[in-house]
Structure formats: C-alpha cells, structure tokens
Amino acid sequence: MQLSAREVSFCYQPEQWLFQGMNLVIDPGEIVGLIGPSGSGKTTFCKLLAGYETPVAGEVYLGGKSLSNKGYHPVQLVYQHPEKAVNPHWKMKRIVSEGWNPDKETLDLLGIEQEWLERWPNELSGGELQRFCVARALGPETRFLIADEMTTMLDAITQAQLWTVLQNIARERMMGMLVVSHEKSLIQRVCHRVVEMKRAF
Ligand SMILES: Nc1ncnc2c1ncn2[C@@H]1O[C@H](COP(=O)(O)OP(=O)(O)OP(=O)(O)O)[C@@H](O)[C@H]1O
C-alpha cells in the first residue's frame, strides 16, 4: 500500500500558494526525508498527508484510495511539541490508549516505564512525553508515520533510541515514514532518500 500525493497544491489565503503541484510517493517500509527552508510548507504538507488538512487542488491517496477520516487513521502524525499533542487533563495511561492499547513490548521498546502510565503529562519530561506520542501512533493499523521535527527538542540519547526503534519497526512491519528535519546528519542516517520542498513564491 503506497501513500501518494498527486499534484497537490495548498494555500491558507486564496491564491497565495504555499506549494503547487507537489508529487510524492512513499512505498511500504520506505523512509523518506523532507527538507526545505523554514516556512516552505513542510508541516502543512505533513498535515495533508495525515488528513488534518485537505488539498486545495490535487489529492492524497492511500493504497490508491482517497484518504478517509473514518476510524483509526492509517497515516499517523507525530510532531515537535508533545505537550501540545496530549490532553493535559488525562493521565498517560488514557492518552496512550486513545487509538489502540499498546502492548508492554511496544512500551518497553520505547523505554516507557510502567510507573509513568499513572502520571499526568506535566509530570513527564519532553522526551518521556514524546515516547508516549510515538507509542500512541504505532497502532497495528498504522501504515505510515509522519515524523515532523519529531526529535528536535530531545537530547541525543533519546533521539538515537527513538530512531533505532522506529527504523526497526518500519522494516519489520513495512511501515513507511516521512521524516521532516533541519538536521542533515539525521536525515542522512535514517532516510533511504530525500525530497526537497521549494517555496512556490
Ligand atoms: N493555520 C494557518 N493559517 C495561516 N497560515 C499558516 C497556517 N499554518 C501555517 N501557516 C503559514 O504557512 C507557511 C508554511 O508553514 P509551515 O509550518 O507549513 O512551514 P514549514 O516549512 O514547516 O516551516 P518550519 O521549517 O519553520 O517549521 C508559513 O508562512 C506559516 O506562517
């Protein structure tokens, strides 16, 4: 099952195009890097792939079909700020189980300690919280993971751990990934190929 953007164009204001005619195909198990200047629309493109925004022109397909917003979304997005991606009024146990019930093996792989499940989001570090956001996104129905500056705020050890786990999962499950980062070394290390987003203006 491929994830593909075909001739996708997007603008927040009429006629003020952020990008036009963007094409991208990601194969199962493939890890693609997305780079480009600040403000070129990388995050917006990620949101289109994950179904958070709808293209103004063109279309995003998953397995040849238009994206559906019903049920568990097979394209999951994890972004830079985990604290903005969780409900502060829920304990971690409930947050991590929003889309599926992560098994102990997945939690262990991501270095999530059982005791953290009983905590509130503000009782965890950014790195600990991001591990939960990754676990939440890795349901068995996830076919593609969109990682938008996912480890930018984390220390080097946590970064390395998370990427090693995700590379293994991508290979074992044939899960495709799009990795957005300004860090060239990370992109080179993790991705099979790189595409560049250019400003439309
Ligand atoms: N909801 C919104 N409404 C209006 N404009 C927006 C909205 N979200 C983003 N923008 C604008 O769209 C442009 C692209 O933003 P986006 O976050 O997609 O870029 P980016 O390439 O991911 O940038 P960075 O590398 O700095 O994270 C920016 O100029 C931004 O101000």
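Quick notes on the rules
- Residues numbered from 1 in each chain as written.
- Predicted model: local features only at pLDDT ≥ 70, side-chain atom pairs only at ≥ 80, totals over all residues.
- Heavy atoms only, no water.
- Helix = DSSP H or I, 4+ residues; strand = E, 2+ residues; numbered from the N terminus.
- Rg over C-alpha atoms; globule rule 2.2 N^0.38 Å.
- Buried < 20%, exposed > 50% of the residue type's maximum accessible area, 1.4 Å probe, protein only.
- Areas by Shrake-Rupley, 256 points an atom, 1.4 Å probe, with all protein chains shown as cover.
- Lys, Arg positive; Asp, Glu negative; His and termini not counted.
- Charge placed at Lys NZ, Arg CZ, Asp CG, Glu CD.
- Near = heavy atom within 4 Å.
- Polar contact = N/O pair within 3.5 Å; in protein donor to acceptor, adjacent residues only side chain to side chain.
- Nonpolar A, V, L, I, M, F, W, Y, C, P; charged D, E, K, R; others polar.
- Pairing = 2+ DSSP bridges.
- Core = buried A, V, L, I, M, F, W, Y, C linked by side-chain atoms within 4.5 Å.
- Contact = heavy atoms within 4.5 Å.

Helix and strand content of the chain: 6 helices and 9 strands. Taking 2.2 N^0.38 as the reference for a compact globule, 201 residues should give roughly 17 Å; the C-alpha atoms of the chain span a radius of gyration of 17 Å, in line with that estimate. Looking at the chain as a whole, 49% of its 201 residues qualify as buried. Accessible area for the chain stands at about 10,200 Å²; split by element, carbon and sulfur atoms hold 50% of it. Placing the 21 positive and 23 negative side-chain charges of the chain at their respective mean positions leaves the two points 2 Å apart.

Our focus in this paragraph is helix α1 (residues 42-49). The buried fraction of α1 amounts to 6 of the 8 residues, a majority that puts the element mostly inside the structure. Downstream of α1 by a residue or two, Gly51 has a phi angle that is positive, lying close to 80°.

Our focus in this paragraph is the site of the ligand. Neighbouring the ligand are the residues Tyr12, Leu18, Pro37, Ser38, Gly39, Ser40, Gly41, Lys42, Thr43, Thr44 and His182. Within the side chain of Thr44, an N or O atom sits 2.6 Å from an oxygen atom of the ligand. Contact distances for the ligand include 3.0 Å between an oxygen atom and a side-chain N or O atom of His182. Per element, the largest residue contribution to the shell around the ligand is 3 residues, and it comes from α1. Residues that form the shell around the ligand fall into these classes: 3 nonpolar, 7 polar and 1 charged.

Two strands in a sheet stick together by hydrogen bonds in their backbones, pointing the same way (parallel) or opposite ways (antiparallel). Spatial ordering of the open sheet is given by β2-β1-β4-β5, a layout of 4 strands whose pairing is antiparallel. The open sheet has two edge strands, β2 (17-26) and β5 (65-66), and neither has a second partner. Sheet topology places strand β1 (residues 3-11) next to β2; 6 bridges connect them, and they run antiparallel. Residue pairing in the sheet places Cys11 in a bridge with Trp17 of β2.

Residue placement: Glu172 occurs in helix α5 (residues 156-173). Of the residues examined, Glu172 reaches a relative accessible area of 66% and is grouped as exposed.

The next subject is the nonpolar core. The biggest cluster of nonpolar side chains holds 38 residues, and the ones touching the most others in it are Leu110, Phe132, Val134, Leu138, Trp163, Leu166 and Met177. Counting residues per element, the ones that place at least two in this core are α2 (92-96), α4 (126-137), β7 (144-148), α5, β8 (176-180) and α6 (184-190). Among all residues touching Phe132, those that are not within four sequence positions of it are Met92, Val96, Ile112, Trp116, Leu117 and Leu124. In terms of nonpolar packing, the next biggest core, distinct from the first, is built from 26 residues, Leu18, Val32, Leu34 and Phe45 among them.

Keep in mind that these numbers describe shape and distance, not what the molecule does.
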